[in-house]
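Residues per chain, in single letters:
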Amino acid sequence: MSDQCNTDGSLNLVFKPVSRRLALVVDDEPINCVIMQSILEKMGFETAIAHDGYEAIEAFELLAPDFVFMDVIMPHMDGREAARCIKSMTSGRFTPIVFLTALDDPEEVHACIEAGGDDYLSKPVDPRLLRTRIYSLERIRSLYQKLSRQHDELLFKIAEEQENEALANRVFLHAVSAHNEPISGLDSYSRPASCFSGDLVLSCRLGQGGIRVMLGDFTGHGLAAAIGALPTSELFHAMTRQGRSIPELLTELNHKLCRILPDDRFMAAVLIDIDPVKGEFCYWSGGMPPFVYKSKDQLIYHSSSGLPLGILENYDFVSEVGSGRLTDIERILLMSDGLLDVRNQEGATFSSCGFKDLMDSWASNDGFFSALDERLDQHCQNRLPDDDVTLVSIDLEKALAVLNVSSDQSADLSPEPEGWEWALASGGGYLLDHSEVITALTDTKYLQDWPAEQAERLQTLFGELYNNAIEHGLFGLDSSLKSTPDGFHLYYEKRQALFDDPPPGQIRIQMTFLPRQQGGCLRLVVQDPGKGYDLTRLSELEQHDDPSRFWGRGMQLVRSLADNLIIHPPGNRVEAELRW
Amino acid sequence: MSDVTLIRIPERFDFACHKKFNEDTDQALKASGASLINLDFSQVNYLDSAALGMVVYLHKKASAVNKKVQISNAHGIALEILEVANISKIIPVK
């Protein structure tokens with residue numbers, strides 16, 4: 001800024017020649033151009049001349065001046081039209097256009113400003129007035145530049161934030177969940193909040209057929225919540241494999257988190273060891289809702305007694321570890337506080353409406369997670385929870401049955417292949433594309449013993465069903481748009497745009513695998529929040545098979561790949577089976 | 001074989017390849033001399049219905065400029081899907 005106010009408040013209009021760049025003077029009268037040029041050059045401008053509107057636009061494009069002084073009436077193209085054109089070319093920067101009018105006619109001034117002029121001066125131009133106008137317009141321009149810079153910074157920050165959240169999500173999907181071993185009888189449910197909120201489930205086998213499960217809940221969200229997740233997961237798996245006890249693991253975890261997390265961050269957690277040889281379970285819980293187990297038709301709640309990890313450096317965990325007999329215990333349920341705190345539209349928490357019923361359903365039936373899903377849907381009414389909702393249910397009969405088999409057999413006999421169940425909800429803030437889902441599934445190692453062709457068949461089948469759910473169920477796109485070549489492009493452009501900024505709603509994926517003699521049976525369920533297929537139109541399409549059509553092949557593929565296919569009315573829940 | 005344009009299709013052939021596939025094939029369609037566009041499927045191990053749409057669309061554009069399209073080296077699940085969709089009725093699959 002070269003121009004400042006003097007201490008007495010008068011404007012300092014002594015312009016330093018170096019501070020200005022180029023002014024474009026547009027006038028069809030050569031003498032007017034010469035006069036303007038001489039005034040402007042004294043003020044430190046370089047100048048360029050144009051003699052009509054066309055020349056002005058050309059010169060503007062070529063030279064990018066920082067001021068334009070424009071006559072109104074000129075041959076070929078007048079000043080107003082040129083101003084309109086120039087203003088349409090200068091998005092993102094502010095180049096003032098000052099009209100020079102012969103008449104001080106209010107109508108004409110109005111028309112000039114309307115055409116995009118930023119100010120006007122009457123001819124003959126008074127040099128003092130011209131300076132004042134330039135000064136005031138430069139002040140506006142510097143404000144505009146500041147605003148525009150701040151706008152860019154803001155956009156950058158938003159992009160950065162989004163990238164951080166995607167990164168946090170990725171850390172979880174790949175680095176944390178991937179290390180969990182599949183354990184039959186251990187099912188987890190998670191409904192992520194609008195942005196990643198720090199719940200993590202870790203599981204690992206202990207020696208002699210036991211299992212260890214931990215559910216942790218970091219304070220904060222996004223990348224901040226994910227910071228502690230990596231070392232926690234690494235320590236958990238490494239120390240569990242070394243056969244270290246719960247207090248030893250907790251002491252290490254606490255120590256590590258105290259060092260790496262800022263003072264206001266910590267991790268609440270519940271940790272359980274199940275030891276079938278001793279017939280015992282050991283647990284520790286700090287800052288979590290009670291965990292629950294079912295014994296002889298009774299639900300027993302164990303409240304949390306410890307301090308969350310990462311707060312007090314020298315903390316004694318030994319005295320806080322509890323234990324109990326496994327006899328008569330059927331199931332154990334761990335949960336994060338996200339579930340209890342989910343609020344409905346009226347602001348009532350889930351713990352105050354519906355939690356008790358839900359626990360009764362957990363005690364009595366196996367379809368617990370789908371019942372939970374429905375109840376949460378009812379409760380939330382399409383709103384995303386503020387915190388991650390995570391539950392882990394351990395079916396001891398299943399978990400220990402398998403464990404007994406492997407511990408009873410001699411070492412050279414490989415254990416019976418186990419069944420598994422895998423579920424995922426995609427959407428809300430985190431819409432995954434189908435290859436990310438497949439990566440997450442393959443990371444579980446569930447598919448590692450599958451024949452390659454069956455894994456490929458599953459990928460293709462899943463890809464079709466999942467993309468259908470995204471495109472039609474979630475985005476509401478109509479496939480018939482693809483019936484022309486242009487429409488085909490348009491369809492995928494729209495898809496991309498919607499994918500980048502998805503509407504609310506989630507797609508639920510569930511896979512259940514049961515091994516059979518030398519083969520297996522996989523049931524895949526994909527459910528979307530949409531209105532469903534037009535089933536009659538679908539069957540018409542399938543009857544009129546036309547190989548030169550661009551679209552409408554998905555369901556045909558699905559039918560040929562799946563050994564069994566059920567489309568549940570109204571068509572937003574599709575169930576497919578693969579058998580071999 | 002100067003009159004054949006070879007286009008190598010990536011491992012995962014789905015809507016995400018849409019842009020690249022269009023760029024490659026548009027170039028092939030414009031190339032004078034080459035009358036056959038050969039889609040090399042040797043690397044493909046994933047193929048979805050959108051990709052089938054893109055192939056059919058290419059066939060249509062090629063016919064308009066008197067060029068032919070063929071698919072070569074398809075195998076495994078990709079071949080199975082091409083067969084299910086009866087693509088061979090309009091484009092030779094070798």
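Note that the structure is a prediction, hence the values are computed from the model and not measured. (Residues numbered from 1 in each chain as written. Chains lettered and ligands numbered in written order. Predicted model: local features only at pLDDT ≥ 70, side-chain atom pairs only at ≥ 80, totals over all residues. Heavy atoms only, no water.)

**Some details on the interface of chain A and chain B**
And then number 1: Between chain A and chain B, the residue contacts involve 25 residues of the former and 25 residues of the latter.
And then number 2: Summed over both partners, the interface of chain A with chain B comes to about 2300 Å²; 64% of that surface belongs to carbon and sulfur atoms.
And then number 3: Run the count over chain A and chain B and you get zero salt bridges.
And then number 4: Across the chain A-chain B interface, the total number found is four residue pairs in polar contact (both at pLDDT 80 or more).
And then number 5: Broken down by secondary-structure element, the contributors of at least two residues to the side of chain A that touches chain B are helix H13 (434-443), helix H14 (452-474), helix H15 (485-500) and helix H17 (554-561) of chain A.
And then number 6: Per-element accounting of the side of chain A that touches chain B gives the leading share, seven residues, to H14 of chain A.
And then number 7: For the side of chain A that touches chain B, the residue count by class is seven nonpolar, 11 polar and seven charged. (Contact = heavy atoms within 4.5 Å. Buried area = accessible area lost by both parts, 1.4 Å probe. Salt bridge = Lys/Arg side-chain N within 4 Å of Asp/Glu carboxyl O. Polar contact = N/O pair within 3.5 Å; in protein donor to acceptor, adjacent residues only side chain to side chain. Helix = DSSP H or I, 4+ residues; strand = E, 2+ residues; numbered from the N terminus. Nonpolar A, V, L, I, M, F, W, Y, C, P; charged D, E, K, R; others polar.)

**Regarding the sheet that holds strand S9 (residues 267-275) of chain A**
Residue and element names in this part refer to chain A.
And then number 1: Here we have five strands laid out as an open sheet, ordered S7-S8-S9-S10-S13, and antiparallel in their pairing. Among the strands making up the open sheet, the edge pair consists of strand S7 (199-205) and strand S13 (322-325). Across the sheet, the mean angle separating the axes of adjacent strands is 15° when strand polarity is ignored.
And then number 2: Bridge count between strand S8 (residues 211-218) and S9: eight bridges; the pairing is antiparallel. Counted as the bridge partner of Arg 212 is Asp 273 from S9. (Pairing = 2+ DSSP bridges. Axes fitted to C-alpha atoms, helices over the stretch in contact; angles between N-to-C directions.)

**A closer look at the sheet that holds strand S6 (residues 186-191) of chain A**
Residues and elements named next belong to chain A.
And then number 1: Strands sit in the order S6-S15-S14-S11-S12 across an open sheet of five strands; the sheet is antiparallel. Unpaired on one side and paired on the other, S6 and strand S12 (298-302) mark the two borders of the sheet. The average angle at which neighbouring strand axes cross in this sheet is 15°, direction not considered.
And then number 2: Along the sheet face, helix H11 (residues 368-380) touches S6, strand S14 (329-335) and strand S15 (389-395) and points at about 15° away from the line of S6.

**Points about the packing of aromatic side chains**
And then number 1: Applying the stated criterion to the full structure yields 19 aromatic pairs over all chains.
And then number 2: Relative to Tyr 492 of chain A, the ring of Tyr 491 of chain A lies with its centre 5.0 Å away and its plane at 75°, an arrangement referred to as edge-to-face.
And then number 3: Since its relative accessible area comes to 7%, Tyr 492 of chain A is described here as buried.
And then number 4: Plain terms: the ring middles of Phe 13 of chain B and Phe 41 of chain B are 5.9 Å apart, the flat faces sit at 85° to each other, and that makes the pair edge-to-face. One end of the pair, Phe 13 of chain B, is in strand S2 (residues 12-13); the other, Phe 41 of chain B, is in the loop between strand S3 (36-40) and strand S4 (46-47), and 28 residues separate them in sequence. (Phe/Tyr/Trp six-rings, centres within 6.5 Å; stacked < 30°, edge-to-face > 60°. Buried < 20%, exposed > 50% of the residue type's maximum accessible area, 1.4 Å probe, protein only.)

**A look at the pattern of salt bridges**
Residue and element names in this part refer to chain A.
And then number 1: Under the definition given, this model contains 23 salt bridges over all chains.
And then number 2: Put simply, Arg 21 and Asp 66 hold a salt bridge, and the shortest N to O gap is 3.3 Å. Here Arg 21 is found in the segment before strand S1 (22-26), whereas its partner Asp 66 is found in the loop between helix H2 (53-63) and strand S3 (67-71), with 45 residues between them in sequence.
And then number 3: The partly exposed category is assigned to Arg 21, whose relative accessible area is 46%.
And then number 4: For Asp 66, a relative accessible area of 13% gives the class buried.
And then number 5: Between Arg 244 and Glu 248 there is a salt bridge, with the nearest N and O atoms lying 3.7 Å from each other.
And then number 6: According to the relative accessible area criterion, Glu 248 is partly exposed, its value standing at 38%.
And then number 7: By sharing partners, the salt bridges in this structure join Asp 27, Asp 71 and Lys 123 into a single network.

**Observations concerning the environment of Tyr 120 of chain A**
Residue and element names in this part refer to chain A.
And then number 1: Relative to the elements of secondary structure, Tyr 120 occurs in strand S5 (residues 119-122).
And then number 2: On the basis of relative accessibility, which here comes to 26%, the residue Tyr 120 falls in the partly exposed class.
And then number 3: Through-space distance from the C-alpha of Tyr 120 to that of Thr 101 is 7.1 Å; in sequence the pair is 19 residues apart.
And then number 4: Excluding residues that lie within four positions of it along the chain, Tyr 120 makes contacts with Val 98, Phe 99, Thr 101, Asp 104, Val 109 and Arg 133.

**What to know about the UniProt feature "modified residue: 4-aspartylphosphate" (unreviewed entry) in chain A**
All names here are of chain A.
And then number 1: Under the feature "modified residue: 4-aspartylphosphate" (unreviewed entry), the UniProt entry names Asp 71.
And then number 2: On the secondary structure map, Asp 71 appears in strand S3.
And then number 3: Residue class for Asp 71 comes out buried when judged on its relative accessible area of 7%.
And then number 4: Setting aside residues up to four positions removed in sequence, Asp 71 forms contacts with Val 26, Asp 27, Asp 28, Gly 79, Phe 99, Leu 100 and Lys 123. (UniProt positions renumbered as here; feature names shortened; annotations may be inferred.)

**Quick look at the pairing of strand S19 (residues 564-568) of chain A**
Residue and element names in this part refer to chain A.
And then number 1: Every second residue of S19 is oriented toward a common face, the buried set being Leu 565 and Ile 567 and the non-buried set Asn 564, Ile 566 and His 568.
And then number 2: Relative to strand S20 (residues 573-579), S19 runs antiparallel, the two being bridged by five bridges. Looking at the pairing, His 568 lines up with Arg 573 of S20.
And then number 3: Hairpin connection of S19 to S20: four residues between the antiparallel strands, including Gly 571 at a positive phi of 110°.

**Here we look at the nonpolar core**
Across soluble globular proteins, nonpolar side chains show a tendency to be buried alongside one another.
And then number 1: One finds Trp 420, Met 511 and Leu 524 of chain A together with Phe 13, Leu 39, Phe 41 and Leu 47 of chain B to be the most contacted residues of the largest nonpolar core, which totals 75 residues.
And then number 2: Element by element, the count of residues in this core is highest for helix H2 (residues 49-64) of chain B, at nine residues.
And then number 3: Those residues within four positions of Phe 13 of chain B in sequence are excluded, and the remaining contacts are Phe 21, Phe 41, Val 44, Tyr 46, Leu 47, Asp 48, Ala 51, Met 54 and Val 55 of chain B.
And then number 4: Core analysis: the next-biggest nonpolar cluster, separate from the first, contains 28 residues, Leu 202, Met 214, Met 267 and Ala 269 of chain A among them. (Core = buried A, V, L, I, M, F, W, Y, C linked by side-chain atoms within 4.5 Å.)

**Digging into the packing of H17 of chain A against helix H3 (residues 76-84) of chain B**
And then number 1: Put simply, H17 of chain A and H3 of chain B touch, their axes get as near as 10 Å, and they point 120° apart. Put simply, H17 of chain A runs oblique to H3 of chain B. Where H17 of chain A crosses over H3 of chain B, the two elements pack in a sense that is right-handed. When H17 of chain A is examined against H3 of chain B, the residues Gln 556, Leu 557, Ser 560 and Leu 561 of chain A are found in contact with a partner set consisting of Ile 77, Glu 80, Ile 81 and Val 84 of chain B.
And then number 2: The residue makeup of the contact of H17 of chain A with H3 of chain B, split by class, is five nonpolar, two polar and one charged. (Parallel < 35°, antiparallel > 145°, perpendicular 65-115°, else oblique. Left-handed = near helix turned anticlockwise from the far one by under 90°.)

**Considerations on the confidence of the model for chain A**
Interpretation of this model should avoid reading the predicted coordinates in detail wherever pLDDT is low.
All names here are of chain A.
And then number 1: Across chain A, the average pLDDT comes to 81, with 88% of residues at or above 70.
And then number 2: For residues 1-18, every residue scores under 50 in pLDDT, and the model assigns this stretch 25 contacts once sequence neighbours within four places are set aside.
And then number 3: Here residues 402-416 is a poorly scored stretch, pLDDT under 50, and it has eight contacts once near neighbours within four places are set aside; other chains count. (pLDDT = per-residue confidence, 0-100.)

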